[in-house]
Amino acid sequence: MRIVCPFCGERELGEFTYLGDAKPVRPAADAGEEAVHDYVYLRDNVAGVMRENWYHGGGCRAWLKVTRNTLTHQISAIEPAAGAGAAKVGA
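The paragraphs below set out a description of the structure included in this document. Because the structure is a prediction, the values reported are computed rather than measured.

Once that is clear, we can look at the environment of A81. With respect to the element layout, A81 can be found in the loop between β6 (75–80) and β7 (87–88). It is 8.8 Å that separates the C-alpha atoms of A81 and W54, two residues lying 27 residues apart in sequence. Filtering out sequence-adjacent residues up to four positions away, A81 remains in contact with W63, L64 and K65.

Here it is as structure tokens:
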């Protein structure tokens, strides 16, 4: 699998670290123990398209949001985690 970094261009998978589902949102500081438990431990096991966090540690060290089909590994969009624009990837 190859990932097109918006800053460095197309790179091999070994330069990146998968950091999980991009959907969970950290609970507020005053949230209860159950909310923190759910945030840390509970994740959906999506069979299909999902947004994921990836870290480009072997390159520019940017955090990326990658939209990827978990069944085919086809990547449809990549954007900086801060949301400063998106790099659309062809089929």
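A word on unusual backbone geometry. With a phi angle near 65°, R61 is a residue other than glycine that sits in the positive phi range. Inspection of the secondary structure assignment puts R61 in the loop between β4 (49–55) and β5 (63–69). Taking the relative accessible area as the measure of exposure, R61 reaches 59% and is therefore exposed. Of note in this structure, H73 is not a glycine but carries a positive phi near 65°. Along the polypeptide, H73 turns up in the loop between β5 and β6.

A few words now on the nonpolar core. Among the nonpolar cores identified, the biggest contains 9 residues, and these are I3, C5, F16, W54, A62, L64, V66, I75 and I78. Those residues in contact with A62, other than ones at most four positions away along the chain, are F7, W54, Y55 and H56.

Below, the discussion takes up a nonpolar patch on the surface. Together, V36, V40, Y41 and L42 give the surface a local cluster of nonpolar side chains, amounting to about 400 Å² of exposed area. Here L42 shows up in the loop between α1 (33–41) and β4.

It is worth spelling out the side chain of R68 at this point. Within the secondary structure, R68 is located in strand β5. Within the structure, R68 has its side chain in polar contact with the side chain of E52 (distance 2.7 Å). If we ignore the near neighbours within four places in the chain, the residues touching R68 are M1, G48, V49, M50, E52, W54, H73, Q74 and I75.

Rules used throughout
- Residues numbered from 1 in each chain as written.
- Predicted model: local features only at pLDDT ≥ 70, side-chain atom pairs only at ≥ 80, totals over all residues.
- Heavy atoms only, no water.
- Helix = DSSP H or I, 4+ residues; strand = E, 2+ residues; numbered from the N terminus.
- Contact = heavy atoms within 4.5 Å.
- Buried < 20%, exposed > 50% of the residue type's maximum accessible area, 1.4 Å probe, protein only.
- Core = buried A, V, L, I, M, F, W, Y, C linked by side-chain atoms within 4.5 Å.
- Patch = residues over 30% accessible without salt bridge, like charges linked within 9 Å, V, L, I, M, F, W, Y side chains within 5 Å.
- Areas by Shrake-Rupley, 256 points an atom, 1.4 Å probe, with all protein chains shown as cover.
- Salt bridge = Lys/Arg side-chain N within 4 Å of Asp/Glu carboxyl O.
- Polar contact = N/O pair within 3.5 Å; in protein donor to acceptor, adjacent residues only side chain to side chain.

In short, the description is geometric, and any link to function would need to be established separately.
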